[in-house]
Amino acid sequence: MARPSGPARAPSALTRSLADPALSASVLLLWGALALFVVYPMLMLLARIFWVDGALSFAGLRAVLTDANQLRSLWNSLLLATLVGTAGTALGLGFALAAERCGLPPWMRTVVDAAVLLPLISPPFTTAIAMIFSFGPRGLITYDLLGIKGFSVYGLGSTLFSETLTYFPIAYLTLRPVLAAIDANVEAMALSLGASRWRVFRTVTLPLAVPGLANAFLLLFAASLADFATPLILAGNGFPVLPTQVYLQITGLFDLRGGAALSFVLLGPALAVFLLQRYWVSRAYYVTVTGKAGAQTRLSTVAVWVRGALFALCAFTTLLIVYLYALLLFASLVKAFGANHAWTLDHYRHIFTDGWNAIRDTLIIAAFAMPLGGLFGILVGYLVARREFPGRRSMELISMLNYALPGTIVGIAYLIAFNDPPIMLTGTALIIVACYVFRYGATGIRATMALLAQIDRSLEEASQSLGASTATTFRRITLPLILPAFFAGLGVVFIRSMTAISATIFLVSLSWTLITVKILNDMTELLLGPAAAYSVFVIAVVFVVIALTSWMLRRLRAGGAPAASLLGG
Amino acid sequence: MKNLVQVAFVALAALGIAPAAAQKTVNAYSIWPENWARPMFDEFEKATGIKVNFVRFSSGEALSRVIAEKNNPRIDVLFGGPVETHAAGIKDGVFESYRPPAFARLPARFKHADGQWVAIADDPLVFMSNNKFLKEHGLKPPASWADLLHPAYKNTLQMADARTSGTAVTRIFSILEVNGRDEAKAFAYMRKLRPNVQLYTKSGGGGTLPVGLGQAGAGIFFIVDALDTKAKGYDVSISFPQEGIGTAAEAIALIKGAKNPEAGKKLIDWATSPAMQAHFARYKINFVPAHPDVAVEASLAEVLKGAKIFPIDADYAGANRKRIIDRWIADVLNLGS
């Protein structure tokens, strides 16, 4: 297949894609999958809300929007998300500054990075469990240590605290590369020109970091907005938030339409955040072009006392995280936390016997979702970044949709779409696998596109002009180059398959259940030992798998996908 | 690449088919927590060779699922749960009438006239309070509904959320009964109680451990959960209000359109007979047996002595359930803070 070289575009994207059977087949296959697992469920969800008895109706939505209590939970959700976004970004910035500007000793950096990883790979509820033990009315800290009586752990404060601790690592991992990319010499120059340290931070560092800060804030805002697990345990009844309300509306009252309408209210802010992040923040990154980086300056841009304060902040937060997880481990190893602290392995025995079905199902589902999600990510990423075909942009947008929306919405949409003919999938593993693939596989798309942007097209064109087909070129040239993105995608899909609950809580069945749902059940029954044991097990498995994928990545010597791409939403 | 995707999808489709049953099985949603349901189902398998495949849901969730799956039932039997749950399902037509051999022996309140549900146990509500908490505040275990309004309980009670839990629904109907079904009076009481409630829990037993640990001062629970907490070694008192408190029959029902109706009926035969209910005491499950031939275990009988307990009228509760829960959500739950 000879092709004109150079940047000249083919006469028509359509004729070009038609001329390439491998391309058109993959595009058709992907469109089919996206139509079935992204577009169709969303349309069914909208139909359920707005199409009543064969006529367009806004009654369901109106009922939600005129109900003072539901409006309050919307307001609570937005308030919580804003606070978590702000606090988490500030904490993440503190960590990033300490790591990049204060010469954090290497051993401390390792400890911090390891501790920060914990909340990212934990199943939901883990910090919530530990919070109740520490700060409840008879908590280790509030009652035993401080002697406060009748302290109420339920409400905005503890939900905010727990979510901030869970999600600030996202901000840290987003901001660290941003700060690293700002040449410290620029700051040093400003400093040597006589500006005060505060002025340098305010007028040089901060403006350069603004897009990164905005990005971190939006990621945290979205994560908090979608979080269903933490508020379910910690928010209590005085601070209802939307995702929890939706869940109770559907599982408790079986009001699918009401729940769907409620979740629709969540859709607005979630989409706004997604579009903001995509079309504004991602384009506003500044690059500090300074030519060849000079010798690293010895002039510290951070005052000694600020440095001390940042170290203290990092040390305190890290200790807090370590303490909360140590508590979780302890709870999994004693008979009855708070009452009988005799050592026992009973809870582990329990999860590997009575809980074995959930563990087996979760691992099987994760094992299927992981490669499929990884493939989905690089395939869409590659096609969108490298190939010309009609509907390229819309494919990118649609494939990100399930990822951008809160899990509750996606779960309900799947439940509505696949519970009745023509496509009945509820009760199968396929519905859970599909949910994970199309929700978390999307994280690989960005990583693939970012990697491809660094690889010259001429490599592929050379292969093709030597006579290789598209498929061969993809397999022999492109695929090895984008493997890091593939592994990053694998990592995210695996972590999420082991830890997600917001969407799949609606999709578990008699034949297929999940560890996270078991944890939720045990939490509501207050069987904290088994809940803690499941959590420890999940964290251990995820740690091993992530270590393996990172090792594979390192062996591929491709510099590694950016750590932030391991996060997902 | 394309082939790989296709192969994967075919494998996935195969995975989607529920595992074929080699052995005779019966599928159930259990409203009883796993630690009670599992030994019963193991005994059933030992006795009949039929394996029970089950998941546990709280009663609201279980009923919601059964109704949602009406056109394509996934289970054969809905096992356990306060009878008002089953009563509420009747009007949705999700159950199949079935009269097991024990039917004739059961008193009227332990069976639906047409056999839409049959009782397997009786479960009275109780007050459970933390002894350390009582001592700190110089209180006696609550002996009337009014005792729970005492300001010392402010923000310390835990009880179940009516949106998901049958325990809560039984509690609310108890309060209605005590107030002569005068809804205005009953709801006035619940609104007064609201500031003392720290948390409405998703499941009925959700507050037992917090009360045991002293995270909460007291709560209203089914006796089976309360005695279980006590048996675990937590320092708690169990008491009954002098005005009386409701008891709910725990029921079992056959699902309409069940895929394994014969196995399902066998499970119902077994569960409604002394064959299962005699095992309660052995496994330290403090349900009151529904079948008259099974004696109440001695220590349980001791606790129940002198308590004023009345049954919840299943028809009245079933007919008014949704309306009362809606009112509870609007008037009581959302009152707080």
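Bear in mind that the values here come from a model prediction, so they are computed numbers and not experimental data.

Some remarks on the overall build of chain B
Thought 1: Helix and strand content of chain B: 14 helices and twelve strands.
Thought 2: Its C-alpha atoms put chain B at 70 × 55 × 40 Å along the principal axes.
Thought 3: Looking at the 337 residues of chain B, the share that counts as buried comes to 53%.
Thought 4: Excluding contacts between residues fewer than 6 apart, the proportion of contacts in chain B whose partners are at least 24 apart in sequence is 77%.

Topic: the overall build of chain A
Thought 1: Within chain A one finds 24 helices and four strands.
Thought 2: The burial tally for chain A puts 52% of its 569 residues in the buried class.
Thought 3: Residue pairs in contact within chain A that sit at least 24 positions apart in sequence constitute 82% of those at least 6 positions apart.

Digging into the packing of helix α15 (residues 346–353) of chain A against helix α24 (residues 528–555) of chain A
Axis angle and axis distance: for two packed helices, these are the angle between their axes and the distance between the axes, and together they describe the pair.
All names here are of chain A.
Thought 1: One can describe the packing of α15 onto α24 by two numbers: an axis separation of 9 Å at closest approach and a directional angle of 70 degrees. Between α15 and α24, the angle is such that the two are roughly perpendicular. Here His-347, Tyr-348, His-350 and Ile-351 of α15 come into contact with α24, specifically with Gly-529, Pro-530, Ala-532, Ala-533, Tyr-534 and Phe-537.
Thought 2: When its residues are assigned to classes, the contact of α15 with α24 shows seven nonpolar, three polar and no charged.

So, the domain arrangement of chain A
Residues and elements named next belong to chain A.
Thought 1: If you check the domain split of chain A, you get domain 1 (20–50 + 350–566) and domain 2 (61–289 + 304–342).
Thought 2: A separation of 24 Å is found between the C-alpha centroids of domain 1 and domain 2.
Thought 3: With 36 residues of domain 1 at the interface, the matching set in domain 2 holds 38 residues.
Thought 4: A per-element tally of the side of domain 1 that touches domain 2 places α24 first, with twelve residues.

Some remarks on the environment of Leu-106 of chain B
Residue and element names in this part refer to chain B.
Thought 1: If you trace the backbone, Leu-106 turns up in the loop between β4 (95–96) and β5 (118–130).
Thought 2: Expressed as a C-alpha distance, the spacing of Leu-106 and Leu-134, which sit 28 residues apart in the sequence, is 40 Å.
Thought 3: Setting aside chain neighbours within four positions, we find Leu-106 in contact with Lys-111, Val-118, Ala-119, Ala-290 and His-291.

Things to note about the domain arrangement of chain B
Residue and element names in this part refer to chain B.
Thought 1: Here the domain parsing of chain B yields domain 1 (17–122 + 249–301) and domain 2 (124–247 + 307–335).
Thought 2: Taken over C-alpha atoms, the centre of domain 1 sits 26 Å from the centre of domain 2.
Thought 3: Taken together, the contact pairs 19 residues of domain 1 with 22 residues of domain 2.
Thought 4: Broken down by secondary-structure element, the contributors of at least two residues to the side of domain 1 that touches domain 2 are α3 (59–68), β3 (77–82) and α4 (83–90).
Thought 5: Residue contributions to the side of domain 1 that touches domain 2 peak at six residues, all from α4.

Focus: helix α8 (residues 156–181) of chain A
Thought 1: The end-to-end C-alpha distance of α8 of chain A is 36 Å, a good match for the 38 Å that 26 residues give at a rise of 1.5 Å each.
Thought 2: For α8 of chain A, a buried count of 19 out of 26 residues is recorded, marking the element as mostly surrounded by other parts of the structure.

A few points about the confidence of the model for chain A
All names here are of chain A.
Thought 1: Across chain A, pLDDT averages 81, with 87% of residues at or above 70.
Thought 2: Across chain A, helix α19 (residues 429–440) holds the top mean pLDDT of 92, while helix α1 (residues 13–18) sits lowest at 55.
Thought 3: Predicted confidence is poor over residues 1–11, with pLDDT under 50, and the contacts of this stretch with residues over four places away or in other chains come to eight contacts.
Thought 4: Low pLDDT, under 50, characterises residues 289–293; the predicted model gives this stretch four contacts beyond four residues in sequence or across chains.

Concerning the pairing of strand β7 (residues 197–201) of chain B
All names here are of chain B.
Thought 1: In terms of burial, β7 is a largely internal element, five of the five residues being buried.
Thought 2: Where strand β6 (residues 157–160) lies against β7, four bridges are found, and the strand directions are parallel. Bridged to Gln-158 within β7 is Leu-199.

Here's the deal with the pairing of strand β2 (residues 51–56) of chain B
All names here are of chain B.
Thought 1: Across six bridges, the pairing between strand β1 (residues 25–30) and β2 is parallel. For Thr-25, the partnering residue across the bridge sits in β2 and is Lys-51.
Thought 2: In this view, the connection linking β1 to its parallel neighbour β2 by way of helix α2 (residues 34–48) has right-handed handedness.

Observations regarding helix α14 (residues 304–333) of chain A
An α-helix turns once per 3.6 residues; consequently, residues spaced three or four apart project the same way.
Thought 1: Taking 1.5 Å of rise per residue, 30 residues should cover 44 Å, and α14 of chain A covers 43 Å from first to last C-alpha, within 8% of that figure.
Thought 2: For α14 of chain A, the full list of buried residues reads Leu-310, Cys-314, Thr-317, Ile-321, Leu-324, Tyr-325, Leu-328, Ala-331, Ser-332 and Leu-333 of chain A.

A word on the packing of helix α2 (residues 21–50) of chain A against helix α16 (residues 356–386) of chain A
Residue and element names in this part refer to chain A.
Thought 1: Contact pair α2 / α16: the axes reach a minimum separation of 11 Å and the direction vectors enclose 120 degrees. Comparing the axis directions of α2 and α16 gives the class oblique. Helix-helix and strand crossings are classified by hand; for α2 and α16 the assignment is left-handed. On α16, the residues that touch Ser-26, Val-27 and Leu-30 of α2 are Leu-379, Val-380 and Leu-383.
Thought 2: Of the residues contributing to the contact of α2 with α16, the split by class is five nonpolar, one polar and no charged.

Comments concerning the environment of Phe-316 of chain A
Thought 1: Take Phe-316 of chain A: it is sitting in helix α14.
Thought 2: Sequence separation between Phe-316 of chain A and Ser-224 of chain A is 92 residues; the distance between their C-alpha atoms is 23 Å.

Side note on unusual backbone geometry
All names here are of chain B.
Thought 1: Although it is not a glycine, Asn-155 sits at a positive phi angle of roughly 60 degrees.
Thought 2: Structurally, Asn-155 can be placed in the loop between α5 (131–136) and β6.
Thought 3: Looking at Asn-155, the number of C-beta atoms within 10 Å reads 19, which means it is partly exposed.
Thought 4: In the Ramachandran plot, Lys-284 falls in the positive-phi region, its phi being about 55 degrees despite a non-glycine side chain.
Thought 5: Note that Lys-284 resides in the loop between α12 (279–282) and β11 (288–289).

Overview of the confidence of the model for chain B
Residue and element names in this part refer to chain B.
Thought 1: Mean pLDDT over chain B stands at 87; residues scoring 70 or higher make up 93%.
Thought 2: At the level of individual helices and strands, chain B shows its lowest average pLDDT in helix α1 (residues 2–16), which scores 48, and its highest in β4, which scores 96.
Thought 3: Counted against residues more than four places away or in other chains, residues 12–22, with its pLDDT under 50, gives 15 contacts.

Here is what the cut-offs are and how they apply
Residues numbered from 1 in each chain as written. Chains lettered and ligands numbered in written order. Predicted model: local features only at pLDDT ≥ 70, side-chain atom pairs only at ≥ 80, totals over all residues. Helix = DSSP H or I, 4+ residues; strand = E, 2+ residues; numbered from the N terminus. Buried ≥ 20, exposed ≤ 12 C-beta atoms within 10 Å, placed from the backbone. Contact = placed C-beta atoms within 7 Å. Axes fitted to C-alpha atoms, helices over the stretch in contact; angles between N-to-C directions. Parallel < 35°, antiparallel > 145°, perpendicular 65-115°, else oblique. Nonpolar A, V, L, I, M, F, W, Y, C, P; charged D, E, K, R; others polar. Domains from an automatic or database assignment. Expected span 1.5 Å × (residues − 1). pLDDT = per-residue confidence, 0-100. Pairing = 2+ DSSP bridges. Right-handed = clockwise from strand over helix to strand, strands pointing away. Left-handed = near helix turned anticlockwise from the far one by under 90°.

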